[in-house]
Amino acid sequence: KKSSRSTRTRREAASIGVHRCHSTAAQPHSSNAAQRRPASFQIETMARLLVLLTAATRAAHALEYCSALNDGQCETLRAHDTGAPVFLDTGSLGGETTLDDLLDTGIKELKYMKAHTSPRKARGASMGAKFRNFRRETLDMRWDDGSKEGVYSGDLAGLGRTSTLSYDGHTFFFMLHGEEVARFRMNSDENVYIIEPLPDDHEVRNSDQYKAALEERTFMRDYAKRTGVPWLAFYPRPKPILNMWPAEFLGQTHVVASPHAYTHEEGIAEGDLALSLQVVSHAPQGPRVFLVREMLSQFECDHIIEMGTKVIRESMVGQGGGFKSKTRTSRNGWLRRSASPTLERIYKRFGDVLGIDHELLSSNRNAEELQVVRYQQSQEYAPHHDFGDDGTPEQRFLTLLLYIQLPDKGGATSFPKAADGRGLQVVPARGDAVLFYSMLPDGNADDLALHAGMPIHEGEKWVCNLWVWDPVRK
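Computed from a predicted structure; not experimentally measured. (Residues numbered from 1 in each chain as written. Predicted model: local features only at pLDDT ≥ 70, side-chain atom pairs only at ≥ 80, totals over all residues. Heavy atoms only, no water.)

Counting its regular elements, the protein contains eight helices and 30 strands. Buried residues in the protein amount to 54% of all 474 residues. Across the protein, every contact between residues at least 6 apart in sequence was considered, and the portion connecting residues at least 24 apart equals 73%. For the protein, the exposed surface amounts to about 20800 Å²; the carbon and sulfur share of it is 49%. (Helix = DSSP H or I, 4+ residues; strand = E, 2+ residues; numbered from the N terminus. Buried < 20%, exposed > 50% of the residue type's maximum accessible area, 1.4 Å probe, protein only. Contact = heavy atoms within 4.5 Å. Areas by Shrake-Rupley, 256 points an atom, 1.4 Å probe, with all protein chains shown as cover.)

What follows is the structure in structure tokens.
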């Protein structure tokens with residue numbers, strides 16, 4: 001039992017030279033013949049490649065991939081007895097794939113936001129900022145919008161820290177009992193701002209925490225000079241240990257075999273799924289972003305909306321419980337994995353697609369509960385990062401964003417720093433997902449993973465966020 005788009009999408013998920021990946025760090029496959037062929041020929045080739053599910057028993061977990069280019073020969077692939085997925089990696093399209101090529105595969109919207117690239121450190125450009133408070137008192141943090149009182153941006157605890165998205169040239173100031181104690185003008189060449197201890201507070205000035213903050217500032221300045229990007233993660237932070245799919249060129253596709261088939265109104269479908277992850281943004285020009293086709297069935301989308309309507313409330317932003325903000329005007333709530341057998345099955349499919357043991361995708365291991373979000377007309381979520389620095393090496397590693405219901409107009413997901421600053425916005429089909437990583441391979445947070453939920457112009461939008469942490473959830 002397959003959705004109406006299943007066969008079409010699986011054809012499009014395949015590409016030239018489909019082969020097994022013997023590790024999760026698979027390299028893209030290409031051949032001299034493929035590189036010589038024009039992109040138009042290779043796009044036609046993609047459409048002719050057929051991926052069929054076999055009628056194998058559940059125990060076999062078999063998938064059969066047939067290529068029209070190879071005299072119709074097929075290869076049977078079997079998942080591990082444990083139910084772990086089989087990983088495949090498709091070949092290159094000769095390096096000439098464009099967004100228009102990908103749009104032809106059935107995505108509702110996929111386009112650049114600007115006609116030209118823009119420098120990452122231009123005046124007014126967005127930037128991540130960290131703040132360290134070495135006063136013993138809790139301070140009132142405010143953004144200077146030109147008014148006397150400014151805009152409340154949360155509390156900064158005594159001897160505490162926080163982080164936020166800001167813009168080059170913006171200013172934040174900190175208040176204590178109505179008096180200003182510190183003010184910082186944002187500069188894209190400086191990403192950590194230290195509120196100094198009182199002159200006579202020798203205990204704090206001689207503390208390991210204060211010395212570590214000064215050391216971190218020195219490291220961040222050196223890292224930015226060496227790499228050209230800011231260090232925004234906790235310092236020091238080791239490399240991630242969870243699987244990170246390669247995203248090396250536009251159109252690169254990974255195919256995952258999952259034994260956790262769709263749930264439909266009639267029941268659970270037979271056989272396994274072939275799910276594709278296709279690169280729509282890659283490093284170093286932008287964040288690592290994948291489009292995952294047909295992540296959920298129509299019934300599963302309806303099921304999530306039905307459960308979500310019971311738990312959503314006004315959305316918050318910030319750390320430590322958060323606060324209301326004009327930058328996020330949606331309503332959201334949380335769904336436990338154990339809330340229904342359908343959600344449990346979906347979570348196992350998440351693990352296959354992410355290349356991560358599904359048992360880690362629980363709130364007491366590496367994942368947060370599934371966040372369900374509803375946007376109505378004019379509602380949005382302004383550009384933001386999904387990561388922060390709260391003083392521990394545990395950090396959000398990836399976001400799996402699921403599209404449950406699409407609005408009639410508007411509501412795209414945008415990545416303003418993708419494609420060398422041109423920006424990218426995408427609206428996939430219902431049931432599709434977008435996967436992006438908030439962490440770089442060296443353990444730093446990815447500043448380019450800035451993203452936004454754009455305003456709804458007509459209709460209503462439902463999405464879900466699965467956030468996975470590395471090395472564990474705090």
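Now that the structure is up, let's keep going.
Turning our attention to the sheet that holds strand 22 (residues 381–384). The strands making up a sheet are joined through hydrogen bonds of the backbone, oriented either antiparallel or parallel. The strand order across the open sheet formed by five strands is 6-26-25-28-22, and the pairing between neighbours is antiparallel. Of all strands in the sheet, those bounded by a partner on one side alone are strand 6 (109–112) and strand 22. Taking the axes of each pair of neighbouring strands and ignoring which way they run, one obtains an average angle of 15 degrees across the sheet. Sheet topology places strand 22 next to strand 28 (residues 451–453); two bridges connect them, and they run antiparallel. (Pairing = 2+ DSSP bridges. Axes fitted to C-alpha atoms, helices over the stretch in contact; angles between N-to-C directions.)

Now for helix 8 (residues 341–354). Counted at 1.5 Å a residue, the expected span for helix 8 with its 14 residues is 20 Å, and the 20 Å between its end C-alpha atoms agrees. For helix 8, a buried count of 10 out of 14 residues is recorded, marking the element as mostly surrounded by other parts of the structure. Buried residues of helix 8: Thr-342, Leu-343, Ile-346, Tyr-347, Arg-349, Phe-350, Gly-351, Asp-352, Val-353 and Leu-354, and no others. Within two residues after helix 8, Gly-355 carries a phi angle of roughly 70 degrees, on the positive side. (Expected span 1.5 Å × (residues − 1).)

One pass over the structure, following the stated rule, counts 16 aromatic pairs. Judged by centre distance (5.3 Å) and plane angle (80 degrees), the rings of Phe-415 and Phe-436 are edge-to-face. Pair noted here: Phe-415 is in strand 25 (residues 413–415) and Phe-436 is in strand 27 (residues 433–437), with a separation of 21 residues, a long-range link. Each of the two residues, Phe-415 as well as Phe-436, counts as buried. Taking NZ or CZ as reference, Arg-422 lies 3.8 Å from the ring centre of Tyr-112, over its face. Lying across the ring of Tyr-375, Lys-461 places its NZ or CZ 5.0 Å from the centre. (Phe/Tyr/Trp six-rings, centres within 6.5 Å; stacked < 30°, edge-to-face > 60°. Lys NZ or Arg CZ within 6 Å of the ring centre and 35° of its normal.)

Turning next to the side chain of Asn-133. Mapped onto the secondary structure, Asn-133 falls in strand 7 (residues 126–133). Within the local environment of Asn-133, its side chain forms a polar contact with the backbone oxygen of Ala-157, the two atoms lying 3.0 Å apart. In this structure, Asn-133 is in contact with Leu-139, Leu-156, Ala-157, Gly-158, Leu-159, Gly-160 and Ile-195, ignoring residues within four places of it in sequence. (Polar contact = N/O pair within 3.5 Å; in protein donor to acceptor, adjacent residues only side chain to side chain.)

Right, let's talk about the pattern of salt bridges for a bit. Here the structure, examined in full by the defined rule, presents 22 salt bridges. Between Asp-222 and Arg-226 there is a salt bridge, with the nearest N and O atoms lying 3.7 Å from each other. One end of the pair, Asp-222, and the other, Arg-226, are both in helix 6 (residues 208–227), four residues apart, so they sit about a helical turn from each other. Given a relative accessible area of 42%, Asp-222 falls into the partly exposed group. Among the ionic contacts, a cluster of salt bridges with common partners joins Lys-130, Arg-132, Arg-161, Glu-216 and Asp-389. (Salt bridge = Lys/Arg side-chain N within 4 Å of Asp/Glu carboxyl O.)

With 76% of its residues at a pLDDT of 70 or more, the protein shows a mean pLDDT of 81. Here residues 1–94 scores under 50 on pLDDT; set against residues more than four positions off or in separate chains, the count is 186 contacts. (pLDDT = per-residue confidence, 0-100.)

Another point: the sheet that holds strand 13 (residues 192–195). One open sheet holds the three strands; their spatial order is 10-7-13, and the pairing between them is mixed. Both outer strands of the open sheet, strand 10 (161–167) and strand 13, are each paired with one neighbouring strand and no more. Sheet twist, expressed as the mean angle between neighbouring strand axes with direction ignored, is 25 degrees. Taken together, the seven bridges between strand 7 and strand 10 define a ladder with antiparallel strand orientation. The residue of strand 10 that forms the bridge with Ala-129 is Thr-164.

Right, let's get into unusual backbone geometry. Across residues other than glycine, the phi torsion is negative in most instances, and most of the peptide bonds are trans. Cis peptide bonds are those with omega within 30 degrees of zero, and the linkage from Tyr-235 to Pro-236 qualifies with -5 degrees. Here Leu-159, not a glycine, exhibits a phi torsion of approximately 60 degrees, which is positive. With respect to the secondary-structure elements, Leu-159 resides in the loop between strand 9 (151–156) and strand 10. Exposure remark for Leu-159: the relative accessible area of 48% places this residue in the partly exposed category. The backbone of Ser-378 shows a phi angle near 75 degrees, a positive value even though the residue is not glycine. Positionally, Ser-378 belongs in the loop between strand 21 (370–375) and strand 22.

The contact between helix 7 (residues 298–308) and helix 8 brings their axes to 11 Å, and the two run at 120 degrees. With respect to each other, helix 7 and helix 8 are oriented oblique. You can see that helix 7 and helix 8 cross each other, and the crossing is left-handed. Each of Phe-299, Glu-300, His-303, Ile-304 and Met-307 in helix 7 lies in contact with helix 8, whose residues at this interface are Thr-342, Leu-343, Ile-346 and Arg-349. When its residues are assigned to classes, the contact of helix 7 with helix 8 shows five nonpolar, two polar and two charged. (Parallel < 35°, antiparallel > 145°, perpendicular 65-115°, else oblique. Left-handed = near helix turned anticlockwise from the far one by under 90°. Nonpolar A, V, L, I, M, F, W, Y, C, P; charged D, E, K, R; others polar.)

What follows concerns the nonpolar core. In terms of nonpolar packing, the biggest core is built from 45 residues, with Phe-350, Leu-402 and Leu-435 touching the most fellow members. For this core, the secondary-structure elements that each account for two or more residues are strand 17 (273–281), strand 18 (289–292), helix 7, helix 8, strand 21, strand 23 (395–405), strand 27 and strand 30 (461–470). With six residues, helix 8 is the single largest residue contributor to this core. (Core = buried A, V, L, I, M, F, W, Y, C linked by side-chain atoms within 4.5 Å.)

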